[in-house]
Amino acid sequence: MTDHVTHVTHPLVQHKLTLMRQMTTSTAEFRQLLREISQLLAYEVTRDLNVTTRRISTPIQEMDAPVLDGRKLALVSILRAGNGLLDGMLDLIPSARVGFVGLYRDEETLEPVQYYFKVPDRLDERLVIAVDPMLATGNSSVAAIDLLKQAGATNIQFMCLLAAPEGIERMREAHPDVPIVTAAIDEKLNENGYIVPGLGDAGDRMFGTK
Ligand code: URA
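Colleague: How would you summarise the sheet that holds strand E6 (residues 112–118) if you had to cite specific residues and measurements?
Modeller: What the 7 strands build is an open sheet, ordered E1-E11-E9-E7-E4-E5-E6; its pairing is mixed. Across the chains shown, the open sheet's two edge strands, defined by having one partner strand only, are strand E1 (5–7) and E6. Taking the axes of each pair of neighbouring strands and ignoring which way they run, one obtains an average angle of 20° across the sheet. Sheet analysis places E1 next to strand E11 (residues 180–182), joined by 3 bridges and oriented parallel. Across the sheet, the residue bridging to Thr-6 is Val-181, located in E11. Sitting on the sheet, helix H3 (residues 82–92) is in contact with strand E4 (73–79), strand E5 (97–105), strand E7 (127–131) and strand E9 (155–159), with an inclination near 155° to E4.

Here it is, written out as structure tokens:
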């Protein structure tokens, strides 16, 4: 672990992650667990969110109370698996603006190919939280963050479920200014670019495809 990477070791996160890794876990359970973990990871990744104050009345007196400045946040899902993390985060921060980056991994070259890009305006004024459950080779995460920076983002965090050491290193080289929050750092990548021991293909497990 370095200051570039926050490994969330909370027992609830670790327990839910173990359930997700098990191949006997159903699609419905997997999706629900991902939603729950994303809320726990969101707690970590939103620590530095901008807070403003609002004048409110409690039953006792008036006060200036802290509230999130939701306009200053953009959640960006790296399609398609990122949507599993996005849903839980939106439960917690419903006012967040949302963007999507569509990248698929060419199964032979393992290189990312872009097919969709739509993000909120004024990215330069927002904390941008990019979400993708699997930081494997790091190729698609680096490409997605390249695109977000081209669109103006300067304050970006990356949230994932599992990270391979290779992906962390690739991100550190390409985007040392982007902190990573993850529930686990696994052993390695296999020859097909899958995280070992991992949990398989996150998108397939989430959506019941093969
Ligand atoms: N993407 C996945 O869904 N799983 C991996 O192990 C690697 C990349």
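Colleague: How would you summarise the sheet that holds strand E8 (residues 134–135) if you had to cite specific residues and measurements?
Modeller: Read across the sheet, 3 strands follow the order E8-E10-E12 without closing on themselves; strand pairing throughout is parallel. Unpaired on one side and paired on the other, E8 and strand E12 (184–185) mark the two borders of the sheet. Of the pairings in the sheet, the one linking strand E10 (residues 162–163) to E12 comprises 2 bridges and is parallel in character. Bridging from a neighbouring strand, Ala-163 pairs with Ile-185 of E12.

Colleague: How would you sum up the site of the ligand? Please name residues and give values.
Modeller: Around the ligand sit Arg-105, Met-134, Ala-136, Gly-193, Tyr-194, Ile-195, Gly-200, Asp-201 and Ala-202, and that is every residue in its neighbourhood. Between the ligand and Ala-202, the relevant distance is 2.7 Å, taken from an oxygen atom to a main-chain nitrogen or oxygen of the residue. When the free accessible area of the ligand is taken as 230 Å², the share hidden by the protein chains comes to 88%. Because more than half of its atoms lie within 2 Å of the grid, the ligand is assigned to the largest pocket. For the shell around the ligand, a count of residues per class yields 5 nonpolar, 2 polar and 2 charged.

Colleague: Explain the pairing of E6 to me, and be specific about the residues and the numbers.
Modeller: A regular strand carries its side chains on alternate faces of the sheet. Sheet topology places E5 next to E6; 6 bridges connect them, and they run antiparallel. Bridge pairing links Tyr-104 to Val-113 in E6. The hairpin turn running from E5 into E6, its antiparallel successor, is 6 residues long, and Leu-110 in that turn takes a positive phi close to 65°.

Colleague: Break down unusual backbone geometry for me, with residues and values.
Modeller: At the junction of Leu-79 and Arg-80, the peptide bond is cis and its omega measures out at -5° in the coordinates. Note that Arg-80 resides in the loop between E4 and H3. With an omega of 0°, the peptide bond between Val-196 and Pro-197 qualifies as cis. Inspection of the secondary structure assignment puts Pro-197 in the loop between strand E14 (195–196) and helix H6 (202–207). Non-glycine residue Arg-122 carries a positive phi angle of around 45°.

Colleague: Break down the layout of surface pockets for me, with residues and values.
Modeller: Considering only enclosed or pocket space, the largest pocket measures out at about 540 Å³ in volume. As for the largest pocket, its lining consists of 28 residues, and the residues nearest its centre are Ala-81, Arg-105, Asp-132, Ser-140 and Asp-201. Mapped by element, the contributors of at least two residues to the lining of the largest pocket are E4, E5, E8, helix H4 (139–150) and H6.

Colleague: Run through the pairing of E9, naming residues and quoting values.
Modeller: The buried fraction of E9 amounts to 4 of the 5 residues, a majority that puts the element mostly inside the structure. Pairing between E7 and E9: 5 bridges, direction parallel. Across the sheet, residue Ala-130 finds its bridge partner in E9, namely Phe-158. Here E9 runs beside E11; their pairing, made up of 2 bridges, is parallel. The residue bridging Met-159 from the neighbouring strand is Val-181, located in E11.

Cut-offs used in this document
Residues numbered from 1 in each chain as written. Predicted model: local features only at pLDDT ≥ 70, side-chain atom pairs only at ≥ 80, totals over all residues. Heavy atoms only, no water. Pairing = 2+ DSSP bridges. Helix = DSSP H or I, 4+ residues; strand = E, 2+ residues; numbered from the N terminus. Axes fitted to C-alpha atoms, helices over the stretch in contact; angles between N-to-C directions. Contact = heavy atoms within 4.5 Å. Near = heavy atom within 4 Å. Polar contact = N/O pair within 3.5 Å; in protein donor to acceptor, adjacent residues only side chain to side chain. Areas by Shrake-Rupley, 256 points an atom, 1.4 Å probe, with all protein chains shown as cover. 1 Å grid on protein atoms, 1.4 Å probe; cavity = no way out; pocket = protein on both sides within 12 Å on 5 of 7 lines; lining within 4 Å. Sits in = over half its atoms within 2 Å of the grid points. Nonpolar A, V, L, I, M, F, W, Y, C, P; charged D, E, K, R; others polar. Points joined across faces, edges and corners; volume = space filled by probe spheres on them. Buried < 20%, exposed > 50% of the residue type's maximum accessible area, 1.4 Å probe, protein only.

Just distances and angles here, no functional claims.
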